[in-house]
Amino acid sequence: MILITGANGALGRLVAAELADRDDVVLGTRTPGPATPGSAATSTDAAQATHPTQRRIDFDDPSSLDFTGVDTLVLISAGYGEDDVVIARHDAAITAAEKAGVRHLVYTSLSGDGDHLAYALAHRWTERRLARSPLAWTVLRNGLYAEFLAAIAAPGPDGTIAAPLGAGRLAAVARADLAAVAARVATEPARHAGRVYELVGERALGGAALAEAVGGSYEPGSLGAAREAIAASGGALPYQVPMLVGTYSAIAGGFLDGSGIEANALRTLLGREPRPALDAYRTAVAALSAS
């Protein structure tokens, strides 16, 4: 049996969709339940219809972490929290997996060139925790999503991208490709035991390329202006403001362009050419504009 945590999340939905033709997949979610009759179909709805077996898995409620009968656990990072919160969530999940006799754990981590990002620490702690575990494991060090770029470097109403990326670029990856890799590893875990895979985009994207993709212009602003805009928007929690500003800094400084990755396993594990990250960015921007 394969259990996917965070199955209602953006990455989890895609992993579930990749495994839709299997009858041994369980969806772990904080809010299990069938799709509402008459509601618009979503990726989550489709996954739930194909995989009727669901379990309530809430990282903030250790008593819900029931991995009984699970052979392979796909542990999708439970981020969106301070370091101590995320570490506690991951530790509880790994401990529960050990107690339940899970054979293999596949963890979605952060690419190696992201070590100076504010949210890297919890990922590296989790990798160390797995290294000490009796579980067989595989670490997927995911690069930042191309869809994430659509959120932090979206064009304004006049088509101008003002994100403070400077001359830096990001080796962004289409989220669907990372889901495909996770699904492939989960179905053949023994082949990937003890491996740490770096998964970043093959073409790094800068502000000018993003602007060209959406028919706009690129006029990078300052980090200070970005910080003020994020804080004023009310859409970010206090701890997320420095996380986002630090991400801009890392991109602008050239630390996330893929040049620091010695062996990118994305194409090899996909078994095909990766999806163009620029296409994923363009699609995500269009979706945000339509919402």
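Given the structure is predicted, the values throughout are model-derived calculations rather than measurements. (Residues numbered from 1 in each chain as written. Predicted model: local features only at pLDDT ≥ 70, side-chain atom pairs only at ≥ 80, totals over all residues. Heavy atoms only, no water.)

1. Comments concerning the side chain of Arg89
Reasoning step 1: Considering the arrangement of structural elements, one finds Arg89 in helix α3 (residues 83-100).
Reasoning step 2: Here Arg89 falls in the buried class, since its relative accessible area comes to 13%.
Reasoning step 3: Within polar-contact distance, the side chain of Arg89 engages the side chain of Asp60 at 2.8 Å. (Helix = DSSP H or I, 4+ residues; strand = E, 2+ residues; numbered from the N terminus. Buried < 20%, exposed > 50% of the residue type's maximum accessible area, 1.4 Å probe, protein only. Polar contact = N/O pair within 3.5 Å; in protein donor to acceptor, adjacent residues only side chain to side chain.)

2. Here's the deal with the environment of Leu256
Reasoning step 1: Take Leu256: it is sitting in the loop between α9 (240-252) and α10 (266-270).
Reasoning step 2: Residue classification places Leu256 among the buried residues on the basis of a relative accessible area of 3%.
Reasoning step 3: If near-sequence neighbours (up to four positions away) are discounted, Leu256 is found in contact with Asp113, Gly114, Leu117, Leu144, Arg169, Leu170, Ala171, Ala250 and Ile251. (Contact = heavy atoms within 4.5 Å.)

3. Section: the packing of helix α1 (residues 10-18) against helix α6 (residues 175-187)
Reasoning step 1: Remark: α1 packs on α6, axes separated minimally by 8 Å, with the N-to-C direction vectors making an angle of 55°. It follows that α1 is oblique to α6 by the angle criterion. Remark: the crossing between α1 and α6 carries right-handed chirality. Contacts between α1 and α6 pair Ala10, Leu11, Leu14, Val15 and Glu18 from the former with Arg175, Ala176, Leu178, Ala179, Ala180, Ala182 and Ala183 from the latter.
Reasoning step 2: Across the contact of α1 with α6, the residue classes tally to 10 nonpolar, no polar and 2 charged. (Axes fitted to C-alpha atoms, helices over the stretch in contact; angles between N-to-C directions. Parallel < 35°, antiparallel > 145°, perpendicular 65-115°, else oblique. Left-handed = near helix turned anticlockwise from the far one by under 90°. Nonpolar A, V, L, I, M, F, W, Y, C, P; charged D, E, K, R; others polar.)

4. Structural notes on the confidence of the model for the chain
Detail in the predicted coordinates should be disregarded across regions flagged by low pLDDT.
Reasoning step 1: Overall, the prediction assigns the chain a mean pLDDT of 93, with 93% of residues at 70 or greater.
Reasoning step 2: Predicted confidence for residues 35-44 stays below pLDDT 50, and this span has 7 contacts to residues more than four positions away or in other chains. (pLDDT = per-residue confidence, 0-100.)

5. So, the sheet that holds strand β2 (residues 25-29)
Reasoning step 1: Pairing is parallel across the open sheet formed by 7 strands, whose spatial order is β3-β2-β1-β4-β5-β6-β9. At either end of the open sheet lies a strand with only one pairing partner, and these are β3 (54-56) and β9 (195-199). Across the sheet, the axes of successive neighbouring strands diverge by a mean angle of 20°, strand direction being ignored.
Reasoning step 2: Across 7 bridges, the pairing between strand β5 (residues 104-110) and strand β6 (residues 136-142) is parallel. Bridge pairing in β6 places His104 opposite Ala136. (Pairing = 2+ DSSP bridges.)

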